[in-house]
Amino acid sequence: MIQVFTNIKSLVQVEENPVERVCGSDMAKIQTIENAFLIVRDDKIENFGKMADYDTVIQLYDNEPEIREYDITGRMIFPTFCDSHTHIVYAGSREIEYIDKIRGLSYEEIAQRGGGILNSAKRLAESSVEELVETAWNRLEEMKWMGTGAIEIKSGYGLYPEEELKMLRAIKKLRQMSPLTIRATFLAAHAIPMEYRGRQSEYVDMVINETLPMVAAEELADYIDVFCDKGFFTVEDADRILMAGMKYGLRPKIHANELDFSGGVQVGVKYNALSVDHLEYIGDAEITSLLDSETMPTVLPGAAFFLDLPLSPVRKMIDAGLPVALASDYNPGSSPSGNMQFIASLGCIRYKMLPEEVVNATTINTAYALGVQDELGSIARGKRANFFITEPVPTYQFIPYAYGHNKVAAVMLNGEMQ
Ligand code: NIG
Ligand code: FE
């Protein structure tokens, strides 16, 4: 079936020749077509152009049995956001810790007291796969209506083999049910259970010798992750786990340098990580290591905002020629929101990124960090028809400017209006 969108005020993030990722000064450029049309065949983008050429182009479709036309005067079309870092499978919220935080406890202090990730692990152990699927489904749907079309979901609240499998099976179920494109990451080392305190290397042994082979045997994960940071897992732990993961073909996407210059970025690059994420603590050594790599530096503005962390030096990274991606990190402890429009606003407001830079950082670059850049991330011929139609807006810059509003009016995923 053919679906045609006409009188598009602006078709945003168009690519004639799609690129894998956008780096450095190129991040400040996006291509748009004003007063445009867009043609979708089945689940793919087939063609686009200026309304001035529409009558000529549409004649080529004279023999099509069914053409559905949408006149969207006054509205824009953007490719859906790709959100390359989330933890949306979890049981229960953690607003009690939020209050502890307001009273002055740090993220690490809350974790030391058995709160934080361990608190979520306890609740997860009490939940069934069905319960996890149901709550995560609601989060996925909410994200869809805010413009997200592809998402990475991590395990990591299971901590033990059977519980991790439960989380990953829930992600598999969501993948079968949802129109969003989903990739699964086995977050192998997220926090040390109380009973393993002081025996960290034994915990890592269990992850490598028991959990990982089971995850691989059921083919439940695309990627592998380690929280390599102060108070959590060391570079040596990460080294062992990532090496073991590589043997099963699992490319790393790791949590790094959120709480300190942890060496996480370098160990990620060493194992050709698809992305290293968080990056509050980035100096010249980290930038040098990333410049010579295929690893996508990914900043999580929601977590830094919610935890009041120092800001990642995004300007310095872009000015050095690096690509930057922005993802939501949606999770109950450090970023309880999956609103990518707000993430884009934070990129502009707090990290001094230009609107064009946040568009690249939340579409093409996060598609790369998800491993789906060939199919998603821009409006390009042959790519999947995943895009959203905006409310009437004056400019594309209005999207990150008008923070807190949902500017998404309609969403198409895989050629189907949602
Ligand atoms: O990305 N940094 C580690 N993990 C998550 C937080 C998980 C939690 O607090 O539940 C994050 O921020
Ligand atoms: Fe995270």
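For every chain, the first residue of the written sequence is number 1, and numbering continues from 1 onward in sequence order. To label them, take the chains in the order written and letter them from A, then take the ligands in the order written and number them from 1. In keeping with the model being predicted, local features are shown solely for residues with a pLDDT of at least 70 and side-chain atom pairs are shown and tallied solely at 80 or more, while totals for entire chains, interfaces and linings include all residues. Derived side-chain values reflect all non-hydrogen atoms in the structure, with water molecules and hydrogen atoms excluded from consideration.

Quick word on the packing of helix H6 (residues 161-177) against helix H7 (residues 200-217)
At a closest axis distance of 9 Å, the pairing of H6 and H7 adopts a crossing angle of 35 degrees. Along this stretch, H6 crosses H7, giving a crossing that reads as right-handed. In this structure, H6 contributes Pro161, Glu162, Glu164, Leu165 and Leu168 to the contact, and H7 contributes Met206, Glu210, Thr211, Met214 and Val215. Looking at side-chain class alone, the contact of H6 with H7 contains 6 nonpolar, 1 polar and 3 charged residues. Each axis is a line fitted through C-alpha atoms, and for a helix only the stretch in contact is used; angles between axes span 0 to 180 degrees, taken between their N-to-C directions. A helix here means a DSSP run of H or I that spans at least four residues, while a strand means a run of E at least two residues long, and both kinds are numbered starting from the N terminus. Helix crossings fall into two classes, left-handed where the near helix is turned counterclockwise from the far one by less than a right angle and right-handed where it is turned clockwise. By definition, residues are in contact when any of their heavy atoms lie within 4.5 Å. Charged means Asp, Glu, Lys or Arg here, nonpolar means Ala, Val, Leu, Ile, Met, Phe, Trp, Tyr, Cys or Pro, and polar covers whatever is left, Gly included.

Quick word on the confidence of the model for the protein
Averaged over the protein, the pLDDT score is 97; the fraction of residues at 70 or greater is 100%. Predicted confidence in the protein is weakest over helix H3 (residues 107-112), with a mean pLDDT of 84, and strongest over strand S13 (residues 325-326), with 99. Along the chain, pLDDT gives the predictor's confidence residue by residue, from 0 to 100.

Quick look at the coordination of the iron ion (ligand 2)
The rule for donors is simple: an N, O or S atom within 2.8 Å of the metal counts, and for Na, K and Ca the reach is 3.2 Å. Water is not among the atoms, so a site may look short of donors. Taken together, His85 (NE2), His87 (NE2), His255 (NE2) and Asp329 (OD) make up the full set of protein donors to the iron ion (ligand 2), lying 2.1 to 2.3 Å away. Taken in chain order, the donor set of the iron ion (ligand 2) reads H-x1-H-x167-H-x73-D. Residue His87 is located in the loop between strand S6 (81-83) and helix H2 (95-102), and its partner Asp329 is located in the loop between S13 and helix H13 (340-351); the two are separated by 242 residues in the primary sequence. Here the two residues His87 and Asp329 agree in accessibility, since each one is buried. Only protein chains enter the accessibility calculation, which uses a 1.4 Å probe; a residue whose area is less than 20% of its type maximum is buried, one above 50% is exposed, and one in between is partly exposed.

Quick look at the site of ligand 1
Neighbouring residues are identified by heavy atoms, a residue being near a molecule or strand if any of them is within 4 Å of it. Surveying the vicinity of ligand 1 reveals 15 residues, the closest of which are Arg94, Tyr107, Tyr157, His190 and Ser334. The side chain of Tyr107 places a nitrogen or oxygen atom 2.6 Å from an oxygen atom of ligand 1. Ser334 has a polar side-chain atom sitting 2.5 Å from an oxygen atom of ligand 1. Areas reported here follow the Shrake-Rupley algorithm with a probe of radius 1.4 Å; residue values treat only the protein chains shown as occluding. Considering ligand 1 on its own, with 320 Å² of exposed area, one finds that the protein chains cover 100% of that surface. Tallied by class, the residues present in the shell around ligand 1 amount to 4 nonpolar, 8 polar and 3 charged. N or O atoms within 3.5 Å of each other form a polar contact, as long as, within protein, one can give a hydrogen and the other can take it, and as long as residues adjacent in sequence are counted only when both atoms are side-chain atoms.

Here's the deal with the sheet that holds strand S11 (residues 275-278)
With respect to topology, 8 strands assemble into an open sheet ordered S6-S7-S8-S9-S10-S11-S12-S13, the strand pairing being parallel. Each end of this open sheet is capped by a strand with a single partner; those strands are S6 and S13. Bridge count between S11 and strand S12 (residues 296-299): 4 bridges; the pairing is parallel. What sits directly across from Val276, in S12, is Pro297. Sheet strands touched by H6: strand S7 (148-154) and strand S8 (181-189). Its angle to S8, the strand with the most contacts, is close to 175 degrees. Note on pairing: DSSP must find at least two bridges between two strands before they are called paired.

Examining the environment of Ser312
Within the element layout of this structure, Ser312 appears in the loop between helix H11 (301-307) and helix H12 (314-319). Look past the residues within four positions of Ser312 in its chain and what remains in contact with it is His278, Leu279, Glu280, Val299, Met317 and Tyr351. Within the structure, the side chain of Ser312 is placed 2.8 Å from the backbone oxygen of Leu279, a separation counted as a polar contact.

Structural notes on the nonpolar core
We call a set of buried residues a nonpolar core when its members are Ala, Val, Leu, Ile, Met, Phe, Trp, Tyr or Cys and they connect through side-chain atoms within 4.5 Å of each other. If you look at the biggest cluster of nonpolar residues, it comprises 103 residues, and the most contacted ones within it are Val89, Phe186, Phe232, Ile241, Val324 and Met353. Examining the composition of this core, we find that 7 residues originate from one element, H7, more than from any other. In this structure, this core is formed jointly by two domains, domain 1 (2-80 + 378-417) and domain 2 (81-370), each of which donates at least three residues. Apart from residues lying up to four places away in sequence, Phe186 is in contact with Ser155, Glu164, Leu168, Val207, Thr211, Leu212, Val215, Ala221, Tyr223, Ile224 and Asp225. Domain boundaries shown here were taken from an automatic or database domain assignment.

Side note on the side chain of Asn47
Relative to the elements of secondary structure, Asn47 occurs in strand S3 (residues 44-50). Its relative accessible area of 18% is what places Asn47 among the buried residues. Among the polar contacts made by the side chain of Asn47, one reaches the side chain of Arg381 at a distance of 3.0 Å. In contact with Asn47, other than residues within four places in its own chain, are Leu38, Ile39, Val57, Tyr61 and Arg381.

A short note on the domain arrangement of the protein
Domain parsing of the protein yields domain 1 (2-80 + 378-417) and domain 2 (81-370). Here the C-alpha centre of domain 2 lies 30 Å away from the C-alpha centre of domain 1. Every contact between the two is made by 33 residues of domain 1 and, on the other side, 39 residues of domain 2. Summed over both partners, the accessible area (1.4 Å probe) lost when two parts come together is defined as the buried area. Broken down residue by residue, the surface that domain 1 buries against domain 2 is led by Arg21, Met27 and Pro400, which jointly contribute 25%. Here a salt bridge means any side-chain nitrogen of Lys or Arg lying within 4 Å of a carboxyl oxygen belonging to Asp or Glu. Taken together, the links from domain 1 to domain 2 amount to 0 salt bridges. Between domain 1 and domain 2 we count 14 residue pairs in polar contact (both at pLDDT 80 or more) in total.

Re the packing of aromatic side chains
Any Phe, Tyr or Trp ring, taking Trp's six-membered ring, that has another such ring centre within 6.5 Å forms a pair; planes under 30 degrees apart are called stacked, those over 60 apart edge-to-face, and the others tilted. Scanning the model with the defined rule gives 15 aromatic pairs in all. With centroids separated by 5.4 Å and ring planes inclined at 55 degrees, the aromatic side chains of Phe37 and Tyr54 adopt a geometry described as tilted. Placement of the pair is Phe37 in strand S2 (residues 32-41) and Tyr54 in helix H1 (residues 54-59), with a sequence separation of 17 residues. One exposure class covers both Phe37 and Tyr54, and it is buried. Taken together, the aromatic side chains of Tyr160, Tyr196, Tyr203 and Phe233 make up a single cluster linked through ring pairs. By definition, being over a ring means that NZ of Lys or CZ of Arg is both within 6 Å of the ring centre and within 35 degrees of the ring normal. Looking at Arg139, its charged tip hangs above the ring of Tyr90, at a distance of 3.6 Å from the centre. Over the face of the ring belonging to Phe48 we find Arg381, whose NZ or CZ atom lies 4.1 Å from the ring centre.

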